[in-house]
Amino acid sequence: MAYLLLSPALLLLLTVLAYPVGWEIWTSFTSYSPLQEGGAGFVGLQNYRQQIEDAQFWRTVTVTVVYTVVTIAAKLTLGLGFALLLSRPFRGRALVFLAVFLPWTYPASVAVMGWYWTLSPPITTAYSAFMGQVKHGVDGALGGGAWVFLTVTLFNIWRGSSFIGVLLLAGINAIPPELFEYALLESKSPWQRFRSVTVPLLKPFLGLGAFLSLTSAFTDVANVWMLTAGRIVFPVLGTQAYWLAIHAGQFGPASALSLLLVPFLLGALLLLFRLFDAPEREAA
Amino acid sequence: MNPRPWWTRLGFSMLVLLVTAYCVFPVYFVLVQSLKSAEEDVAGNPLIVLRPSFENFEELFEAREGSRGFVGAALRRSYPFLDWLGNTLFVFAGTLALTLSLSLAAAYALGRLQPPGFRWWRRAIFATYVIPQTILFVPLYRMVLGLGLDDNLLALLLVYPTMALPFCIWILSAYFQHLPRDIEEAALIEGASRAKAFFQIVLPMSRPVIVAAGIFTLGAAASDFMIASLFLMSGHNQTIPAGLGTMEVALDELAPVAGINLMALPVVLISALFARGYVRGLTAAMVEGS
């Protein structure tokens, strides 16, 4: 009975994920390319070795890690701030809550286009001169392409901090208020209450938020691609793999590159499960 | 609340204003641009619109069936926006129905019937989020071709639910797991079938969590640009994001900006209507952890 109810969801997930993932794993061991005549040859671990020995790969990894760490830190900080702000009653709280909810509900698919046109306006608009100056200023100071990369980061943070803020607000609501009242009696310092009560209680939800932003930032292709209009100056692993596959036709190395992410994400996931299930297992 | 000095209250108000502005400004900006006439777009103040007009919105709906504007075929193409709208509605509704029914069934199985190792099932399903989407669309497209679903909206109905299912199953099953059993069991003793007990008792009690799952699903489906624009080739079959992606940014670039708003604002409105339920549902799923 239980398996009967479970099977439709599993079946769909398997259909849509099993074949593509299997294909990707297989391809990462071959020299498959649509540009190449003849069939794909089995090359073993060569694609992986080629990536690890490539200086470009390490540069990409660095950019990806910086991008991920910066966005997660910013999203968790802002999200926690929003959640704490909204957890106490004040006048107009409902409206502020809706404002905080807005960036995540605004569909990312069209939001990236809006951001792209806003930040890199065509020459006809009233503010293009101003935006052009900002762009050149940033690019001049940090190197070409820095501005578009910055906008990607900002977009990711804008959208993600909203999701995490609402998630953490739900988390705070799930914590019995008595715990916070005890804390108020125990300590006068808000900082100490925050550090030794709020953060530990919210840990599982912070973990969930961090994990979801990790996967969304680590594997981010579409947003980076759209916002940079395909001009990749600061490649992250996702766009690098996309470029290798679509423009260079090198499906083998591209697959290897994508799969190199998986162990790190799995590690993060196991950490998340420990955060979540630990108290329950003790109780059981 | 005990009276606090005025500067604390002022600081708090400033903070609230800052947060609101940070969240709302980009949305406001895109909305303002879409309401501008070409003249005001070039010469006006970028932050406000003095004479709002809906000409950019009208432009999306006029000139159907391939007829082109008079300024010259090269400058003005017409787009089947109404088709896009219909396609988008179909895909969203289908994704919601499919995701919710599949995840409710799976979550009931995991959270209520609790087969051996149900926690590991739940974890395994959630673990699909570690699969990098980067070039997954290549084999996915081969598969869609194999099924004969290329350039077909049904291909999206296959893919979109998988983006939301793991999260929905997670929160729904966590909720079902902690829902008190007495009422449902009382109904079972009275002679109701499991199905009847589920539809008449468990389902109504789970409304907030179902709302939360639904809003998450809508958000996931509405976020996709890549799959839609890769899988749907012909103009009449596209969804709004895919279609807007094909529009040219030229002199009439404000029409796509109007399209952004037409797509985004209804989604935002629906989410806002259910916002309270979304938070309540997440809270309900999170109580006692999971």
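Residues numbered from 1 in each chain as written. Chains lettered and ligands numbered in written order. Predicted model: local features only at pLDDT ≥ 70, side-chain atom pairs only at ≥ 80, totals over all residues.

Student: Got a sec to walk through the overall build of chain A? Specific residues and values, please.
Tutor: For chain A, the count of helices and strands is 13 helices and zero strands. Along chain A, helices and strands appear, N-terminal first, in the series α-α-α-α-α-α-α-α-α-α-α-α-α. Every one of the 284 residues in chain A was classed for burial, and the buried ones make up 42%. (Helix = DSSP H or I, 4+ residues; strand = E, 2+ residues; numbered from the N terminus. Buried ≥ 20, exposed ≤ 12 C-beta atoms within 10 Å, placed from the backbone.)

Student: Lay out the overall build of chain B with the relevant residues and their values.
Tutor: In terms of regular secondary structure, chain B is built from 14 helices and zero strands. The order of helices and strands in chain B, counted from the N terminus, is α-α-α-α-α-α-α-α-α-α-α-α-α-α. For 290 residues, the compact-globule estimate of 2.2 N^0.38 gives 19 Å, and the C-alpha radius of gyration of chain B, at 24 Å, exceeds that figure by more than 25%. With the principal axes as the frame, chain B shows a C-alpha extent of 75 × 70 × 35 Å. Counting across all 290 residues of chain B, residues that qualify as buried make up 44%. Nonlocal contacts in chain B, meaning residues at least 24 apart in sequence, comprise 72% of its contacts between residues at least 6 apart. (Rg over C-alpha atoms; globule rule 2.2 N^0.38 Å. Contact = placed C-beta atoms within 7 Å.)

Student: Talk me through the interface of chain B and chain A; I want residue IDs and the actual numbers.
Tutor: Of the residues lining the interface, 75 residues belong to chain B; the matching set on chain A comes to 78 residues. A per-class count over the side of chain B that touches chain A returns 56 nonpolar, 14 polar and five charged. (Nonpolar A, V, L, I, M, F, W, Y, C, P; charged D, E, K, R; others polar.)

Student: I'd like a rundown of the domain arrangement of chain B, residues and numbers included.
Tutor: Residue and element names in this part refer to chain B. Examined at the domain level, chain B breaks down into domain 1 (6-53) and domain 2 (81-286). One C-alpha centre belongs to domain 1, the other to domain 2, and the line joining them spans 32 Å. Contact with domain 1, which involves seven residues of that partner, is made by five residues of domain 2. Ranked by residues supplied to the side of domain 1 that touches domain 2, first place goes to helix H1 (residues 6-34) with four residues. The residue inventory of the side of domain 1 that touches domain 2, partitioned by class, reads three nonpolar, two polar and two charged. (Domains from an automatic or database assignment.)

Student: Give a detailed account of the nonpolar core, specifying residues and quantitative values.
Tutor: All names here are of chain B. If you look at the biggest cluster of nonpolar residues, it comprises 150 residues, and the most contacted ones within it are Ile169, Ile171, Leu172 and Ala212. If you tally residues by element for this core, the top one is helix H7 (residues 153-178), at 18 residues. Counting the residues that make up this core, at least three belong to each of domain 1 (6-53) and domain 2 (81-286). (Core = buried A, V, L, I, M, F, W, Y, C linked by C-beta atoms within 7 Å.)

Student: So what's going on with helix H4 (residues 81-113) of chain B? Residues and values would help.
Tutor: Here H4(B) spans 46 Å end to end across 33 residues, near enough to the 48 Å set by a 1.5 Å rise per residue. Note on H4(B): the residue one or two positions beyond its end, Gln114(B), has a positive phi of about 45°. (Expected span 1.5 Å × (residues − 1).)

Student: Describe the environment of Ala258(B), and please don't skip the residues or the numbers.
Tutor: All names here are of chain B. Here Ala258 lies in helix H13 (residues 254-273). Among the residues examined, Ala258 registers 25 C-beta atoms within 10 Å and is labelled buried. Once the C-alpha coordinates of Ala258 and Ala221 are considered, the two residues, 37 residues apart in sequence, prove to be 20 Å apart. If near-sequence neighbours (up to four positions away) are discounted, Ala258 is found in contact with Ser34, Asn56, Phe57 and Leu60.

Student: Describe the confidence of the model for chain A, naming the residues involved and giving the relevant values.
Tutor: All names here are of chain A. Summary statistics for chain A give a mean pLDDT of 79 and a share of 86% for residues scoring 70 or more. Of all the helices and strands in chain A, helix H10 (residues 222-228) carries the lowest mean pLDDT, 59, while helix H4 (residues 93-105) carries the highest, 91. Here residues 278-284 is a poorly scored stretch, pLDDT under 50, and it has two contacts once near neighbours within four places are set aside; other chains count. (pLDDT = per-residue confidence, 0-100.)

Student: Now, about unusual backbone geometry: what can you tell me, with residues and values included?
Tutor: Residue and element names in this part refer to chain B. You will see that Gln114, though not glycine, has its phi angle at about 45°, which is positive. Position of Gln114 relative to the elements: it lies in the loop between H4 and helix H5 (118-126). For Asp151, which is not glycine, the phi torsion reads 60° and is therefore positive. Position of Asp151 among the secondary structure elements: in the loop between helix H6 (137-146) and H7.

Student: Outline the packing of H4(A) against H1(B), listing residues and values.
Tutor: Close contact between H4(A) and H1(B) brings their axes to 8 Å; oriented N to C, the two are set at 40°. The pairing of H4(A) with H1(B) is recorded here as oblique in orientation. You can see that H4(A) and H1(B) cross each other, and the crossing is left-handed. Residues Val96(A), Ala99(A), Val100(A), Leu102(A) and Pro103(A) of H4(A) lie in contact with H1(B), whose contacting residues are Val16(B), Val19(B), Thr20(B), Cys23(B), Val24(B) and Val27(B). For the contact of H4(A) with H1(B), a count of residues per class yields ten nonpolar, one polar and no charged. (Axes fitted to C-alpha atoms, helices over the stretch in contact; angles between N-to-C directions. Parallel < 35°, antiparallel > 145°, perpendicular 65-115°, else oblique. Left-handed = near helix turned anticlockwise from the far one by under 90°.)

Student: Go over the packing of H1(B) against H13(B) with me, naming the residues and quoting the values.
Tutor: Residues and elements named next belong to chain B. H13 packs onto H1 with a crossing angle of 130° between their chain directions and a minimal axis gap of 8 Å. If you check the angle between H1 and H13, you find them oblique. Regarding H1 and H13, the two cross each other, and that crossing is left-handed. Between H1 and H13, the contacting residues are Val30, Leu31, Gln33 and Ser34 on the first element and Leu254, Val257, Ala258, Ile260 and Asn261 on the second.

Student: Give me the lowdown on the confidence of the model for chain B, citing residues and values where you can.
Tutor: Residues and elements named next belong to chain B. When pLDDT is averaged across chain B, the result is 82; 90% of the residues are at 70 or more. Ranking the elements of chain B by mean pLDDT puts helix H2 (residues 38-43) last with 71 and H4 first with 91. Within the model, pLDDT remains below 50 along residues 64-75, and this stretch shows 16 contacts once partners closer than five positions in the same chain are excluded.

Student: So what's going on with the environment of Thr239(A)? Which residues, and what values?
Tutor: With respect to the helices and strands, the residue Thr239(A) is situated in helix H11 (residues 237-246). Put simply, Thr239(A) and Ser258(A) are 19 residues apart on the chain and 9.9 Å apart in space, counted from C-alpha to C-alpha.

Student: Go over the environment of Phe42(A), please, and point to the residues and values.
Tutor: Residues and elements named next belong to chain A. By the secondary structure assignment, Phe42 is in the loop between helix H1 (2-28) and helix H2 (46-53). As a C-alpha pair, Phe42 and Leu154 span 112 residues in sequence and 42 Å in three-dimensional space. If we ignore the near neighbours within four places in the chain, the residues touching Phe42 are Phe29 and Thr30.

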